[in-house]
Amino acid sequence: MHGEPVTYSKPPVEAKVKWAAFGSYIGSTAALAVLQAVDADHSLIAFWPDWLEAVTIPLLPTGIAAVLGFRAKHTPRPDLPVSQR
């Protein structure tokens, strides 16, 4: 009626996840570098409204992680049934 139970191997970490994590790390490092530079010289962002400063800096790691995750290829899973690939 239902057939044999499906057993799964330990799935590999997908390339998309690896690249998104790497992008998040690089983006966060870049954001910290920007914050340290701004702390030393406030004139670098003095022309921005305060709300824009608060929104823009967190977008850096988020944007990098999103782009790298989107661009990475999907990791194939040949151990899954065709209907679940």
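Structure report, in brief. No experiment lies behind these values; they were computed from the predicted model shown.

## Side note on a nonpolar patch on the surface
A surface patch of nonpolar side chains, amounting to about 440 Å² of accessible area, comprises Trp19, Phe22, Tyr25 and Ile26. Tracing the backbone through its elements, the reader meets Ile26 in helix H1 (residues 15-40).

## What about the packing of aromatic side chains?
Under the definition given, this model contains 2 aromatic pairs. Taking the centre distance of 5.7 Å and the plane angle of 90° together, the rings of Trp19 and Phe22 count as edge-to-face. Placement of the pair is Trp19 and Phe22 together in helix H1, with a separation of 3 residues, close to one helical turn. Exposure remark for Phe22: the relative accessible area of 43% places this residue in the partly exposed category. When the centroid spacing of 5.9 Å and the interplanar angle of 80° are considered together, the rings of Phe47 and Trp48 count as edge-to-face.

## With respect to the environment of Ala31
Its place among the elements puts Ala31 in helix H1. Residue classification places Ala31 among the buried residues on the basis of a relative accessible area of 9%. Contacts of Ala31, omitting those with residues within four sequence positions, involve Ile57, Leu60 and Pro61.

Conventions adopted
Residues numbered from 1 in each chain as written. Predicted model: local features only at pLDDT ≥ 70, side-chain atom pairs only at ≥ 80, totals over all residues. Heavy atoms only, no water. Patch = residues over 30% accessible without salt bridge, like charges linked within 9 Å, V, L, I, M, F, W, Y side chains within 5 Å. Areas by Shrake-Rupley, 256 points an atom, 1.4 Å probe, with all protein chains shown as cover. Salt bridge = Lys/Arg side-chain N within 4 Å of Asp/Glu carboxyl O. Helix = DSSP H or I, 4+ residues; strand = E, 2+ residues; numbered from the N terminus. Phe/Tyr/Trp six-rings, centres within 6.5 Å; stacked < 30°, edge-to-face > 60°. Buried < 20%, exposed > 50% of the residue type's maximum accessible area, 1.4 Å probe, protein only. Contact = heavy atoms within 4.5 Å.

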